[in-house]
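What follows is the residue order along each chain.
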Amino acid sequence: MCDLRRPAAGGMMDLAYVCEWEKWSKSTHCPSVPLACAWSCRNLIAFTMDLRSDDQDLTRMIHILDTEHPWDLHSIPSDHREAITCLEWDQSGSRLLSADADGQIKCWSMADHLANSWESSVGSLVEGDPIVALSWLHNGVKLALHVEKSGASSFGEKFSRVKFSPSLTLFGGKPMEGWIAVTVSGLVTVSLLKPSGQVLTSTESLCRLRGRVALADIAFTGGGNIVVATADGSSASPVQFYKVCVSVVSEKCRIDTEILPSLFMRCTTDLNRKDKFPAITHLKFLARDMSEQVLLCASSQTSSIVECWSLRKEGLPVNNIFQQISPVVGDKQPTILKWRILSATNDLDRVSAVALPKLPISLTNTDLKVASDTQFYPGLGLALAFHDGSVHIVHRLSLQTMAVFYSSATPRPVDEPAIKRPRTAGPAVHFKAMQLSWTSLALVGIDNQGKLSVLRLSPSMGHPLEVGLALRHLLFLLEYCMVTGYDWWDILLHVQPSMVQSLVEKLHEEYTRQTAALQQVLSTRILAMKASLCKLSPCTVTRVCDYHTKLFLIAISSTLKSLLRPHFLNTPDKSPGDRLTEICAKITDVDIDKVMINLKTEEFVLDMNTLQALQQLLQWVGDFVLYLLASLPNQGSLLRPGHSFLRDGTSLGMLRELMVVIRIWGLLKPSCLPVYTATSDTQDSMSLLFRLLTKLWICCRDEGPASEPDEALVDECCLLPSQLLIPSLDWLPASDGLVSRLQPKQPLRLQFGRAPTLPGSAATLQLDGLARAPGQPKIDHLRRLHLGACPTEECKACTRGPAFRLRQALLPIRLRSRGERPSRHRGALLCADGLLSAAPGRAARVGDGVALCGPGLSRTPEIQ
């Protein structure tokens with residue numbers, strides 16, 4: 001037995017912020033019964049809350065919020081007739097399943113990739129049969145984390161692809177999308193989404209003798225099968241397990257079920273506790289893809305007990321008589337599957353909610369010893385919430401306590417028996433639903449009063465760590481997010497300003513150790529990750545501007561190169577963009593015209609309207625080159641934005657290529673050229689800037705040893721302000737997120753629907769000095785268009801700001817309007833790995849990591 005009431009080591013859990021509802025006169029938000037909650041890999045949280053009007057009518061609502069802006073939630077009238085019982089995100093975090101007590105299942109999808117615009121176009125129905133368990137079918141993708149290899153240099157050693165079969169495959173092995181649900185009457189229903197948009201639905205009984213199913217959970221096996229665990233709610237009844245196989249036969253969905261070994265909870269077989277815990281209140285597999293381990297909780301009116309069970313294959317002893325007839329040789333000994341209890345707790349307060357980790361840590365035979373080691377990795381702990389308001393983080397196998405959080409200001413001694421604690425006048429505030437983030441570093445809970453709380457969970461879970469070891473924990477999880485594309489907001493909750501410099505350096509060091517192909521894939525993601533880290537420290541905050549600008553530069557370069565087309569159909573291996581890069585790297589001439597004549601100019605021919613639509617982006621490139629060269633004499637100032645570009649040969653080479661492209665396009669349509677304010681009408685500004693840029697690029701390009709710019713170059717750059725008007729660049733949009741403003745041990749009190757006045761820190765005050773103030777005229781930050789102080793159309797804004805905006809493909813964005821409710825509007829500009837395209841006349845699409853859009857689209861995701 002494990003005692004959960006022993007004192008925890010240190011305060012390893014603390015409250016980050018609390019959000020509560022504003023009291024309305026004509027309607028009120030009340031917690032739904034049951035209350036469902038789900039946390040996506042994009043750090044979007046969905047939860048249910050009923051809206052009760054004066055005439056006592058209930059509207060079943062689904063609320064979706066981004067953890068960086070929790071007050072800016074989006075409420076969906078779900079149209080569910082009965083209480084919503086289940087919410088489930090898919091692996092991409094862009095679709096959400098909801099199920100109710102009437103058997104209705106709805107699939108919600110982002111409209112135009114907006115986090116506050118959702119639509120439900122498909123679903124299924126098992127009429128009148130409440131849904132008790134719901135899950136998406138497994139897509140066969142499983143990435144294991146090897147914590148024992150966290151010091152390895154290759155990402156392939158730290159994170160390995162586990163052989164795991166999808167639940168169902170299409171022709172060619174592509175996983176088929178769909179969902180599976182279990183009803184209260186013992187039915188299992190599967191819905192498959194065909195590529196044509198058609199939904200195939202089939203329903204089958206779990207077994208011949210159907211019975212009531214009060215609790216159920218769903219897990220998946222590596223062979224592509226599905227395991228369903230069910231309980232009728234009574235601890236005196238067995239917990240049943242079933243194997244479910246899904247297939248498509250003659251364009252119809254087929255379900256085959258098979259009974260697996262069942263178990264009785266240990267507390268019911270103990271004579272002293274036989275009738276003490278009459279009800280099973282929680283039934284959960286320890287992981288979605290770990291069907292061999294299950295967590296059970298039995299409860300009475302005042303107390304609970306938790307047990308962890310494991311399914312093992314054991315040898316079946318063979319009688320000597322049969323041994324003589326047919327001797328057992330080697331591995332041919334018959335085996336049987338048996339459930340064995342791993343651990344159990346002592347009597348606890350009544351458990352109100354359970355949250356399980358999503359981090360796929362590779363488990364070994366030493367897992368039971370991990371709880372007593374000096375290191376405890378996130379993902380090995382699960383959360384238990386109790387009716388007394390406390391939350392315990394326990395090891396998911398040994399059930400030993402790692403950390404404890406009390407919602408009250410004066411926590412009671414943890415070793416005080418529950419029976420001796422004084423009775424309160426009413427029920428204590430406690431979590432009714434909980435979810436752990438995808439890295440298990442944060443926990444969200446919805447209490448019985450409808451308030452939402454987000455807690456930080458220490459990476460060490462109950463063991464104080466040295467700074468170096470804590471950095472290694474956080475670095476390991478940042479690398480995991482970089483490889484998977486998951487959002488890393490919950491990791492930033494634990495980064496202190498003193499850690500930022502070391503984390504950025506170590507992250508870059510680990511990145512450079514990877515193969516060139518992998519570096520290319522992760523190039524934009526690591527830039528966004530560095531920018532988000534640098535926002536947290538006043539010493540590195542100006543680097544945010546540089547990283548953000550590098551992302552934008554990569555986006556523009558990829559966009560302009562993608563517009564180049566070969567003159568003949570029988571194209572060689574290299575694309576026009578690749579040849580442009582090769583020729584510009586080979587020819588070091590400072591004369592832009594001499595470089596240009598080595599290119600096939602027919603590959604640069606574009607429609608005149610297309611060139612004119614690109615003028616704002618070309619103007620930004622020209623302005624940025626002028627700004628960099630003018631700032632070269634002040635290169636020693638680390639506080640000046642753009643400093644890192646002066647030693648970045650790759651970025652300077654990219655700017656040099658763009659200057660050549662702009663020069664060629666200027667011959668086709670002079671009005672698309674950047675406009676400079678020069679003191680002389682005869683001066684060729686493009687040639688002057690290209691000459692200086694080439695000299696600076698030669699000093700720091702990758703082929704040769706880096707050298708300092710000569711005095712002649714510095715002197716020429718000093719003269720630039722007297723020759724050309726140096727533009728003032730808008731570096732960042734207004735920052736209104738809270739991760740950089742959260743203070744340890746100082747939780748924020750927020751209110752849904754009302755933007756707060758967040759406290760400032762040294763980093764945020766310095767960042768706000770580089771950002772455009774909220775009251776100033778807005779700028780379309782991607783297409784570089786001025787929108788005015790009060791735009792006439794609704795604008796899209798990124799949920800993460802510039803440091804996160806170009807993080808991963810199709811990052812959700814939220815819609816901002818002038819006091820109006822968000823509504824769908826025409827057009828969408830997509831972010832995809834930091835790559836943006838503005839090709840006129842094309843519909844929004846994603847291809848090769850580049851999102852394309854036309855000039856007729858309404859607004860861009862990022863505004864200032």
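The text that follows walks through the structure, step by step, so that each part is easy to find. (Residues numbered from 1 in each chain as written. Predicted model: local features only at pLDDT ≥ 70, side-chain atom pairs only at ≥ 80, totals over all residues. Heavy atoms only, no water.)

The next thing to look at is the sheet that holds strand S14 (residues 177-183). Pairing within the open sheet is antiparallel, and its 4 strands lie in the order S11-S14-S15-S16. This sheet does not close on itself; its edge strands, each paired only once, are strand S11 (131-136) and strand S16 (199-205). With direction set aside, neighbouring strand axes in the sheet form an average angle of 15°. Bridge analysis of S11 against S14 gives 5 bridges, and the strand direction is antiparallel. Pairing of leucine 134 across the sheet is with alanine 181, part of S14. (Pairing = 2+ DSSP bridges. Helix = DSSP H or I, 4+ residues; strand = E, 2+ residues; numbered from the N terminus. Axes fitted to C-alpha atoms, helices over the stretch in contact; angles between N-to-C directions.)

Okay, the sheet that holds strand S28 (residues 390-395) next. Ordered by their spatial adjacency, 4 strands build an open sheet running S26-S27-S28-S29, and the pairing between neighbours is antiparallel. At either end of the open sheet lies a strand with only one pairing partner, and these are strand S26 (351-355) and strand S29 (401-406). Each adjacent strand pair in this sheet contributes to an overall mean axis angle of 20°, direction not counted. With 5 bridges joining them, S28 and S29 adopt antiparallel strand pairing. The partner of histidine 392 across the bridge, within S29, is valine 404.

A separate point is unusual backbone geometry. Although it is not a glycine, histidine 113 adopts a positive phi angle of roughly 60°. Here histidine 113 lies in the loop between strand S9 (104-110) and strand S10 (118-125). Located in the positive-phi region is arginine 784, a residue other than glycine, with phi close to 60°. With respect to the helices, strands and loops of the structure, arginine 784 is situated in the loop between strand S34 (778-780) and strand S35 (785-788). Classification of arginine 784 by relative accessible area gives buried; the value is 16%. (Buried < 20%, exposed > 50% of the residue type's maximum accessible area, 1.4 Å probe, protein only.)

Turning our attention to helix H14 (residues 649-668). Look at H14: 29 Å from first C-alpha to last across 20 residues, which is about the 28 Å you get at 1.5 Å a residue. For H14, the buried fraction is high: 17 of the 20 residues fall into the buried class. Between the side-chain oxygen of the N-cap and the backbone nitrogen of threonine 650 there are 3.2 Å, and the N-cap of H14 in question is aspartate 648. (Expected span 1.5 Å × (residues − 1). Polar contact = N/O pair within 3.5 Å; in protein donor to acceptor, adjacent residues only side chain to side chain.)

The subject of this paragraph is a nonpolar patch on the surface. A cluster of nonpolar residues, Val605, Met608 and Leu668, forms a patch on the protein surface that exposes about 240 Å² of accessible area. Mapped onto the secondary structure, methionine 608 falls in helix H12 (residues 608-613). On the basis of relative accessibility, which here comes to 34%, the residue methionine 608 falls in the partly exposed class. (Patch = residues over 30% accessible without salt bridge, like charges linked within 9 Å, V, L, I, M, F, W, Y side chains within 5 Å. Areas by Shrake-Rupley, 256 points an atom, 1.4 Å probe, with all protein chains shown as cover. Salt bridge = Lys/Arg side-chain N within 4 Å of Asp/Glu carboxyl O.)

For the pair helix H5 (residues 467-484) and helix H8 (residues 516-534), the least separation of the axes is 9 Å and the interaxial angle reads 140°. Overall, the two elements H5 and H8 adopt an arrangement that is oblique. The crossing of H5 and H8 is right-handed. Two secondary-structure elements touch here, H5 through Leu478, Cys481, Met482, Val483 and Thr484 and H8 through Leu522, Arg525, Ile526, Met529 and Leu533. Per-class residue counts for the contact of H5 with H8 are 8 nonpolar, 1 polar and 1 charged. (Parallel < 35°, antiparallel > 145°, perpendicular 65-115°, else oblique. Left-handed = near helix turned anticlockwise from the far one by under 90°. Contact = heavy atoms within 4.5 Å. Nonpolar A, V, L, I, M, F, W, Y, C, P; charged D, E, K, R; others polar.)

Right, let's get into the packing of helix H13 (residues 615-631) against H14. Look at H13 against H14: their axes get within 10 Å of each other, and the N-to-C directions meet at 130°. Viewed along their axes, H13 and H14 adopt a mutual orientation that is oblique. Helix-helix and strand crossings are classified by hand; for H13 and H14 the assignment is left-handed. Seen from H13, the contacting residues are Leu618, Val621, Phe624, Val625 and Leu628; seen from H14, they are Leu652, Leu655, Leu658, Met659, Ile662 and Trp665.

To continue, consider the side chain of arginine 656. Mapped onto the elements, arginine 656 comes out in helix H14. Buried and unpaired, arginine 656 has aspartate 589 as its nearest opposite-charge partner, separated by 7.0 Å. Ignoring any residue separated from it by four or fewer positions in sequence, one finds arginine 656 in contact with Cys584, Ile587, Thr588, Asp589, Val595, Phe690, Leu693, Thr694 and Trp697. (Lys, Arg positive; Asp, Glu negative; His and termini not counted.)

Quick look at the environment of histidine 430 now. Mapped onto the fold, histidine 430 is located in the loop between S29 and strand S30 (431-436). Measuring from C-alpha to C-alpha, the distance between histidine 430 and alanine 385 comes to 7.2 Å, with 45 residues separating the pair along the chain. Setting aside chain neighbours within four positions, we find histidine 430 in contact with Ser352, Phe386, His387, Gly389, Ile446, Asp447 and Asn448.

Moving on to the packing of aromatic side chains. One pass over the structure, following the stated rule, counts 15 aromatic pairs. Relative to phenylalanine 476, the ring of phenylalanine 159 lies with its centre 5.3 Å away and its plane at 25°, an arrangement referred to as stacked. One end of the pair, phenylalanine 159, is in strand S13 (residues 159-161); the other, phenylalanine 476, is in helix H5, and 317 residues separate them in sequence. Accessibility expressed as a relative area gives 5% for phenylalanine 476, which makes it buried. Seen from their ring centres, tryptophan 620 and phenylalanine 624 are 5.2 Å apart, and the 5° between their planes marks the pair as stacked. Within this pair, tryptophan 620 and its partner phenylalanine 624 are both found in helix H13, separated by 4 residues, close to a single helical turn. An aromatic cluster is present here, built from Phe155, Phe159, Trp438, Phe476, Tyr480 and Tyr486 joined pairwise through their rings. The side chain of lysine 550 reaches across the aromatic face of phenylalanine 645, ending 5.5 Å from its centre. (Phe/Tyr/Trp six-rings, centres within 6.5 Å; stacked < 30°, edge-to-face > 60°. Lys NZ or Arg CZ within 6 Å of the ring centre and 35° of its normal.)

Burial within S28 is extensive, with 6 of its 6 residues counted as buried. Taking every second residue as pointing to the same face, both faces of S28 are buried, with Ser390, His392 and Val394 on one and Val391, Ile393 and His395 on the other. Two elements, strand S27 (residues 381-386) and S28, share 5 bridges in a ladder whose sense is antiparallel. Bridging across to S28, leucine 384 finds its partner in histidine 392. Between S27 and S28, which pair antiparallel in sequence order, lie 3 residues; one of them, glycine 389, sits at a positive phi of approximately 95°. Once S28 ends, the chain turns through 5 residues before running back antiparallel as S29, passing leucine 399 with a positive phi of about 65°.

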